[in-house]
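Listed below, chain by chain, are the residues.
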Amino acid sequence: MEAIIQAGTMVEPELRPTAGHRLGAQETLGISTLDPGHRPPTMPPGRLVSIRVLMLDDTEEVFDISQRAPGKLLFDLVCTHLNLIEGDYFGLEFQDHRRMTVREVWLDLLKPIMRQIRRPKHTLLRFVVKFFPPDHTQLLEELTRYLFALQIKHDLACGRLTCNDSSAALLVSHIIQSEIGDYDEAQTRQHLLNNKYVPDQEALMDKIAEFHRKHIGQTPAESDYQLLEIARRLEMYGIRLHPAKDREGTKLSLAVAHTGILVFQGHTKINAFNWSKVRKLSFKRKRFLIKLRPDLNQSACQDVLEFLMSSRDCCKVFWKICVEYHAFFRLFEEPKPKPKPVLFSRGSSFRFSGRTQKQVIDYVKDSEFKKIPFERKHSKVQSISNLPPLLSLRSEVLTEQSGDCTSEDQVDSQDKHSWNDSTSAAVDHAASQQKRGSPAQLKSHENGEVPEEEDEEGGRGQTPPSRRPEEPLSAGVVSNSPRLSDSSATSQGIVNGQRAAPAPSQSPDGRPPSPLTSPLLNDAGSMRTDDEDEVRRKRFPTDKAYFIAKELLMTERTFVKDLELITVSFQNLVGKEETTTESLRTFISSNFEPIHKFHTGFLKDVEQRLALWEGRSNAHIKGDYQRIGDVLLKSIQGIKQMTSHFQRLSDVLMELEQACQASRKLEALCRDLELQKVCYLPLNVFLLRPLHRLVHYKQLLERLCKHYPPTHVDFRDSRAALADISELVDQLHGTMIKMENFQKLLELKKDLVGVDGLAVPGREFIRLGCLSKLSGKGLQQRMFFLFNDVLLYTSRGMTASNQFKVHGQLPLYGMTIRESEDEWGVPYCFTLSGQRQSVVVAASSVLEMERWMEDIKMAIDLAEKCNGPSGNLLTISLSENKSSEESAPDQESEDDLSASRTSLERQAPHRGNTTVHVCWHRNTSVSMVDFSMAVENQLSGNLLRKFKNSNGWQKLWVVFTNFSLFFYKTHQDEYPLASLPLLGYSITIPSESENIHKDYVFKLHFKSHIYYFRSESEYTFERWMEVIRSATNSASRTRIVNRKDPHPY
């Protein structure tokens, strides 16, 4: 029976229930490793006070302690009460009311409790998880894993652990499996009605029940194991956000994990600073400072990052937990206290108190504990407690698995290698043989600074690559882990919308070959470090043909995702509109679904070929598979059979526009779809994607044929494929030019207010951009739109959608144009003289002036030669517009689209980041030739990104299209995290003074915004430079008109 404290003495009551009663019902048993005879610490003398503690199972316990007792005594009493031996992962948290603001703080184990809690009667402490290891297999006790599962359950219910619907439903299914057992439809639904596990549970009831049905036979211990396996891969696992701002005032959140300091914007991680990169952590008043150690190749200057928090107390609270996290996961043993100064004390005296993770694992492994049962409060399932554990802590069980080695065994072998931050991950035995020096302890210093850590040899600590909390890790035999049930493949199949690939050790049906083997998970969303990328570059092929084939794979993935927006998202939307004609639904599905189905199969073929090329496939296929021309030839022959579908795409665009004009409800539904994150471009752009893709195939094959010598085994197939695709592109060229112009007119129609009948037959778009119009009030920024018959000038309105209001039109028939810089004394000025009015405008540069004058002269010639559409485009009179223009103040202001170095995108309102708005903010222009060339220069792939003032590189999936970069975590993501419009940016190679000592790095720069990107090879570096230059450097694009024949105008 457990011991309790009463009136300052230890008493062992005869009928006191075991610690397990604090956790649940009597009929559900488990195993704990703490002997109930283990006695609590000695109570110091003094008056007793009652402290209330809320446990993880929502029960409240009262502990009587001395007023002089330190926090550690109360914490030890709680752990003893629970029979918990791995209590070092937990802590006591309470709300501090001593300041003006209420905040959550951790109980300091070294300070007296009464110095921290002034009103104990009104304070409730919570026993919660404090340190979250990334690998739950390091939790050696079943009781510890159960308490972690309760913490996950609580975080999920309160919204702290955010994830997508599939992951949430999967987590809840494991929770109810441990609570009520196997699936019974009535019981499961009633239990879900009585208990709320996630904020939006009603919408997930069916999905939860579907997952729960697959967990038949799974014990509560196995459910805990599966729950932690899924939760640890979520980005918000174990994350507590601390609000902050960067130097530019952008709202962010800071958090700490086993790997280091994390930076979040909302619930998205945007940066991470590994412990190996951090030299000092300090705070001064409200400023939290991260001092990064410079690279060995860099100069002696140190990189200091500054974050502003709401108060000094918030800074100190976050600094303390950072010190504790670093010590717990990185140090060998508890840091020694600093000697007290004789005269003066500078900085904080705070230090980590308790065992480090290494000490906890060693203590549990080396100690012999009597197994005693514990109960689960919420569980109604009888656990099989009389069976021996599948994996014991004792060495005799481990010796039975002679061919395997657990991560804990590797940690314990200190004579072979030392402890480091990768102890939080299960690593393979070969990697664990590398010796490392142990990092020195982080010691508190002036104002809470953390001094630089070094190796035992005196050098800088080199740590293994950092891993994000959700990164999948491979493991050998899992120590003391419950058996994986048959449903584990389902349990681990979908996390955040991604399906894990079967491990090499698994059988083809996805089941593990042994119940003792932890499942291997896919590496989707993981971040590679410099060393990993270097190894990858050396291991994979270096032939240029391989990288051309890889570009085909990367861009095909993006193309198939774009097709899904039409075949899935858009079709679902059209199905909701009852007034939509059946012909429209049938027309769209009959043309796009065959294309989508074909390219989905083609994508699988390309993935299989690349896997063989890289040597990653287990298939025993003999022959020369390091080629791609044969795959492309077969695909293009299949595409030629679908020519009729491609020819009818223009009719699909016209049919959709007519349906939207006839039905306002359908028009609103299309507008709502464009508001969704998955629709990252205007909707009708996706209708043109199949035609654009044919041009990409032609370009890839041209590069492939240029690379191959005529004797190459793949040259013949590649040349035949190029001939076929060139014939098809020439055949569909007229259709594509027509669709591109019509699509642009429809897009501009949404951006303009005060214009009617813009998208009419015969009208062709030529150029849009910013010019300054000279009036009585001086130069005013205006947006000009040039067509083959008329020139419109507008200003940006103050509406919710920031549309541009038309102020006037200038018919091109009879117009003259001349330079007038000397006449008006305004640089880059020219005059447009029409039959009814004249306008004086100024460009931002001589280059912009030349572009505008050249295109306007060409448009005037076109208007003279052919009778284009005539008639007033405006819905209001010119006199009204003119008066309103002159009377209205110029309310537009420069709005930087990329306002923070920590965020690539400021979330703009609807249609606030279209090309028109980017040109307005960047004071530039774009022609239809630029749009047509942008179609040819689309690219996808992985890049490493680095900010100007950051030290680490973040791996992202990047898509370049429509003059913008779109950033994703992985290629499986449904929508981009952020975007970066490139108009106005310049692309260069970093100079020596910037200390970017990496290969294949290019730099994007606009005003004070600087981004660095790294590619994996020389070929991909050149390709990214080429396509981005097409969007950032348009000095001579208007002179490349002859590239397209016939002329787009």
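Bear in mind that the values here come from a model prediction, so they are computed numbers and not experimental data. Residue positions are given per chain, counting from 1 as you read along its sequence in written order. Restriction of local features to residues with pLDDT of at least 70 applies here, the model being predicted, together with a cutoff of 80 or more for giving and counting side-chain atom pairs; totals for whole chains, interfaces and linings are based on all residues. In computing side-chain values, all of the structure's heavy atoms are included and hydrogens and water are not.

The next subject is the environment of L109. Secondary structure elements follow DSSP: runs of H or I no shorter than four residues count as helices, runs of E no shorter than two count as strands, and numbering proceeds from the N terminus. Tracing the sequence through the fold places L109 in the loop between strand 6 (103-106) and helix 2 (113-116). In this analysis, two residues are considered to be in contact whenever any of their non-hydrogen atoms come within 4.5 Å of each other. Filtering out sequence-adjacent residues up to four positions away, L109 remains in contact with P70, G71, K72, F75 and S353.

In this section: the nonpolar core. The definition of a nonpolar core used throughout is a set of buried Ala, Val, Leu, Ile, Met, Phe, Trp, Tyr and Cys residues joined through side-chain atoms within 4.5 Å. Burial here depends on accessible area, computed with a 1.4 Å probe over protein chains only, as a share of the maximum for the residue type. Under 20% is buried, over 50% is exposed, and the range in between is partly exposed. Judged by nonpolar contacts, the single largest core of 107 residues is most densely connected at L74, F90, F127, F288 and I290. Ranked by residue count, the leading element in this core is helix 8 (residues 312-330), at twelve residues. Contact partners of F288, with chain neighbours within four places excluded, come to L254, L281, S282, F283, L305, E306, F307, M309, C315, F318, W319 and C322.

Take the confidence of the model for the protein chain next. Looking at the protein chain, pLDDT values average 74 and 69% of them are 70 or higher. Per-residue confidence from the prediction method is given by pLDDT, with values spanning 0 to 100. The low-confidence segment residues 1-38, where pLDDT is below 50, has 117 contacts with residues more than four positions distant or belonging to other chains. Within the model, pLDDT remains below 50 along residues 383-529, and this stretch shows 332 contacts once partners closer than five positions in the same chain are excluded.

Between the rings of Phe, Tyr and Trp (Trp by its six-membered ring), a pair exists once the centres lie within 6.5 Å; its type follows the angle of the planes, with under 30 degrees stacked, over 60 edge-to-face, and the other angles tilted. Evaluation of the coordinates by the stated rule reveals 33 aromatic pairs. Judged by centre distance (4.4 Å) and plane angle (10 degrees), the rings of F131 and F328 are stacked. Taken together, the positions of F131 in the loop between strand 7 (124-129) and helix 3 (142-158) and F328 in helix 8 put the pair 197 residues apart, joining distant regions of the chain. When its relative accessible area of 2% is taken as the criterion, F131 is described as buried. Among the residues examined, F328 registers a relative accessible area of 0% and is labelled buried. Aromatic pair Y546 and W613: ring centres 5.8 Å apart, planes at 65 degrees, arrangement edge-to-face.

Let us look at empty space enclosed by the protein. For each structure, a 1 Å grid was placed over the protein atoms alone; sets of points admitting a 1.4 Å probe that cannot get out are labelled cavities, open sets with protein on both sides within 12 Å along at least five of seven lines are labelled pockets, and lining residues have an atom within 4 Å of a point. Grid points are joined across faces, edges and corners, and a volume is the space filled by probe spheres set on the points. Overall, the coordinates contain twelve cavities of 30 Å³ or more when judged by the stated rule. Put simply, the largest cavity is a space of about 200 Å³. Lining the largest cavity are 17 residues, and of these V685, Q743, F931, V935 and N962 lie nearest its centre. Of all the secondary-structure elements, those providing two or more residues to the lining of the largest cavity are helix 22 (689-707), helix 23 (715-751) and helix 28 (928-936). Ranked by residue count, the leading element in the lining of the largest cavity is helix 28, at five residues. Three residue categories are used. Nonpolar comprises Ala, Val, Leu, Ile, Met, Phe, Trp, Tyr, Cys and Pro, charged comprises Asp, Glu, Lys and Arg, and polar comprises the others, including Gly. Residue composition of the lining of the largest cavity, by class: seven nonpolar, six polar and four charged.

Bringing the sheet that holds strand 7 into the picture now. Sheets are built from strands paired through backbone hydrogen bonds, the pairs being either parallel or antiparallel. Taken in spatial order, the five strands make up an open sheet running 4-3-7-5-6, and their pairing is mixed. Edge strands, defined here as strands with exactly one partner in the open sheet, are strand 4 (60-66) and strand 6. Direction aside, the axes of adjacent strands within the sheet are offset by 35 degrees on average. Pairing of strand 5 (residues 90-96) with strand 6, which is carried by four bridges, proceeds in the antiparallel orientation. Note on strand 6: the bridge partner recorded for E93 is W106. Structural elements are reduced to axes, namely lines fitted to C-alpha atoms, with helices fitted over the stretch in contact, and the angle between N-to-C directions of any two is expressed from 0 to 180 degrees. Sheet strands touched by helix 1 (residues 71-81): strand 3 (48-54), strand 4, strand 5 and strand 7. Its angle to strand 4, the strand with the most contacts, is close to 135 degrees. Pairing between strands requires that DSSP locate at least two bridges from one strand to the other.

Okay, the pattern of salt bridges next. Note that side chains of opposite charge can pair when their charged atoms are close. What makes a salt bridge here is a side-chain nitrogen of Lys or Arg within 4 Å of a carboxyl oxygen of Asp or Glu, nothing more. Applying the stated criterion across every chain, the model contains 36 salt bridges. Here K130 makes a salt bridge to E324, at a shortest N to O gap of 2.8 Å. With K130 in the loop between strand 7 and helix 3 and E324 in helix 8, the pair connects residues that are 194 residues apart, well separated along the chain. A relative accessible area of 9% means that K130 is categorised as buried. In this structure, the salt-bridge partner of K640 is E727, at a minimum N-O distance of 3.9 Å. Here K640 is found in helix 17 (residues 629-640), whereas its partner E727 is found in helix 23, with 87 residues between them in sequence. You can call E727 partly exposed: its relative accessible area is 48%. If you follow the salt bridges from partner to partner, you end up with E93, E104, R126 and R240 in one network.

Right, let's get into the packing of helix 4 (residues 165-180) against helix 7 (residues 220-231). At their nearest, the axes of helix 4 and helix 7 sit 8 Å apart, and the two run at 165 degrees to each other. When the axis of helix 4 is compared with that of helix 7, the two are roughly antiparallel. Two packed elements cross with a definite hand, and for helix 4 against helix 7 that hand is left-handed. Only P220, S223, D224, Q226, L227, I230 and A231 of helix 7 make contact with helix 4, whose side of the interface consists of L170, L171, H174, I175, Q177 and S178. In terms of residue class, the contact of helix 4 with helix 7 is made up of seven nonpolar, five polar and one charged. Roughly parallel here means an angle under 35 degrees, roughly antiparallel means over 145, roughly perpendicular means 65 to 115, and every remaining angle is called oblique. In a left-handed crossing the near helix is turned counterclockwise from the far helix by less than a right angle, and in a right-handed crossing that turn is clockwise.

The next thing to look at is the packing of helix 16 (residues 582-614) against helix 19 (residues 649-662). The contact between helix 16 and helix 19 brings their axes to 10 Å, and the two run at 155 degrees. Relative to helix 19, the element helix 16 lies roughly antiparallel. Crossing angle aside, the handedness with which helix 16 passes helix 19 is left-handed. Of helix 19, the residues touching helix 16 (which contributes S583, L584, F587, I588, N591 and F592) are L649, D651, V652, E655, L656 and A659. Among the residues making up the contact of helix 16 with helix 19, the classes are represented as eight nonpolar, two polar and two charged.

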